[in-house]
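# Chains, contacts and geometry: an overview
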Amino acid sequence: MTKRHSVATWFRSPSNLIASTLVIGGFLMTGVDEIWGLLMGVGIFGPGILREFGWLRDKDEFELRAARRAGFHAYLVGGLMIFSLVALYRHEEPVIEEPSSLVLSIFVVMWFTWLLSSLLAYWGSLKMARRLLYAFGTVWLLFNIAAGEGNWVTSFMQSLLAVPFFAAAVLANRFPRIVGLLLIGISVFLFFFFGWEEIFQVRPFTGGLEAIVLFLGPLVVSGVGLLAGRRETSAEVAEVEG
Amino acid sequence: MKPRHDIQSHVRRHRLRLDLTQQELADRVGVTRQTILSIEKGKYSPTVGLALGLARELGVSVEELFELEGK
């Protein structure tokens, strides 16, 4: 099965299609009224609930096991985060300027954990790291093209920032340890360069933690994945790439 | 300490013997290609039901498909 075929298969699945429609529709409708955010929740968690009741049978046993393990990992990380925050806020007078951002941050951390655990189950650490880098580079590329506001020279120059991520993905299989160390180093540099250590403070909590998780998370995880992963043979890469 | 039951898989060898692709075998037993790949690489130990299904499609016994590592 090729990658394109697997993506097409994913979209052909009625449950995935309905869930995606609910998430996108819910997100768009929050512009009218925030209450429509409920639809996003139904789209994200509804299929999993139906599967657990046995009313939706669109996953095989390996996929179900991966989803359940990922859910357990998200529960562990989310639970630890919640208990840490509760202990911190009970220890001192809570200063939470954006309560909904705090809740959203917890959800983003749990979702990110769930996503990484799922990817790890399907691809292993090395392949997960390489594909995260490709995905991160693509998102960065599209973001910079859009930010260029029609000026193609600006768009092109800003797009070059995505090149290191694609290069890292290409070089990752050949030099996983070096690229892994580089990614972790870059993450630490960006963390302090953008002054994110101030956002990372939870007292006062002003939101923005989710931005750090979603921006630096893929880089850190890719780096760790490359350091921890076993280098694959070319035959293994060809076999899985299909 | 509880004992570990790590499984060594011979699915790939028997699949290639019958000249089947991973996708063809996956279709026959009703799982995804990713599942067959994970079983062949030893990353996933199938349930008894799927192991029996694989054994039937590959024309061998379950014991010929899987064995305990370090046996």
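Just above sits the structure.
The rules behind the values
In every chain, residue numbers begin from 1 and rise along the written sequence. Throughout, the order in which chains and ligands are written sets their labels, letters from A for the former and numbers from 1 for the latter. At least 70 in pLDDT is required for a residue's local features to be given in this predicted model, at least 80 for side-chain atom pairs to be given and counted, and no such filter applies to totals for whole chains, interfaces and linings, which use all residues. Residues are treated as contacting if the C-beta atoms built from their backbones sit within 7 Å of each other. A run of H or I in DSSP counts as a helix once it spans at least four residues, and a run of E counts as a strand once it spans at least two, with each numbered from the N terminus. Under the convention adopted here, Pro, Cys and the residues Ala, Val, Leu, Ile, Met, Phe, Trp and Tyr are nonpolar, Asp, Glu, Lys and Arg are charged, and Gly plus all remaining residues are polar. Three exposure classes are used. Buried residues have 20 or more other C-beta atoms within 10 Å of their own C-beta, exposed residues have 12 or fewer, and partly exposed residues fall in between, all C-beta atoms being placed from the backbone. The term nonpolar core refers to a set of buried Ala, Val, Leu, Ile, Met, Phe, Trp, Tyr and Cys residues connected through C-beta atoms within 7 Å. The angle between two axes is taken between their N-to-C directions and runs from 0 to 180 degrees, where each axis is a line fitted to C-alpha atoms and a helix contributes only its stretch in contact. Should an angle fall under 35 degrees it is taken as roughly parallel, and over 145 as roughly antiparallel, whereas 65 to 115 is taken as roughly perpendicular and any remaining angle as oblique. Take the far helix as your reference; a near helix turned counterclockwise from it by less than a right angle gives a left-handed crossing, and one turned clockwise gives a right-handed crossing. The directions from the helix axis to the C-beta atoms are what the arc is built from.

### Things to note about the interface of chain A and chain B
In this assembly, seven residues from chain A lie in contact with 12 residues from chain B. Take the side of chain A that touches chain B: its biggest share by element is three residues, from helix H4 (residues 61–91) of chain A. When the residues that make up the side of chain A that touches chain B are grouped by side-chain class, the tally is four nonpolar, no polar and three charged.

### What to know about helix H3 (residues 33–40) of chain B
Residue and element names in this part refer to chain B. Counting buried positions along H3 yields six of eight residues, so the element is predominantly enclosed. Buried residues of H3: Gln34, Thr35, Ile36, Leu37, Ser38 and Ile39, and no others. Once H3 finishes, Gly42 follows within two positions and takes phi at roughly 80°, a positive value.

### Quick look at the nonpolar core
Side chains of nonpolar character tend, in soluble globular proteins, to be buried together. Ala129, Leu133, Ala168 and Ala172 of chain A together with Leu54 of chain B are the most contacted members of the largest nonpolar core, which totals 36 residues. Of all the secondary structure elements, the ones that give two or more residues to this core are H4, helix H5 (99–147), helix H7 (163–172), helix H8 (176–193) and helix H10 (209–228) of chain A together with helix H2 (22–29), H3 and helix H4 (48–58) of chain B. When residues of this core are assigned to their parent elements, the largest contribution, 10 residues, is made by H5 of chain A. Setting aside its immediate chain neighbours within four residues, Leu54 of chain B contacts Val11, Val29, Pro46 and Leu65 of chain B.

### Comments concerning the packing of helix H2 (residues 14–29) of chain A against helix H3 (residues 37–52) of chain A
Think of two packed helices as two axes; the pair is described by the angle between the axes and how far apart they sit. All names here are of chain A. Following both chains from N to C, one finds H2 and H3 inclined at 160°, their axes separated by 7 Å at the closest point. In terms of their interaxial angle, H2 and H3 are classed as roughly antiparallel. In the crossing of H2 with H3, the sense of the turn from one axis to the other is left-handed. Touching Ser15, Ala19, Ser20, Leu22, Val23, Gly25, Gly26, Phe27 and Met29 of H2 are Gly37, Leu39, Met40, Val42, Gly43, Ile44, Gly46 and Pro47, all from H3.

### Quick look at H2 of chain B
Residue and element names in this part refer to chain B. Gln22, Leu25, Ala26 and Val29 are the residues of H2 that are buried. All buried residues of H2 project into a common sector of 100° when viewed along the axis, lining one side. Contact partners of the buried residues in H2: helix H1 (11–17), H3 and H4. Following H2 by one or two positions, Gly30 has its phi on the positive side, about 75°.

Any functional reading would require information that these geometric values do not contain.
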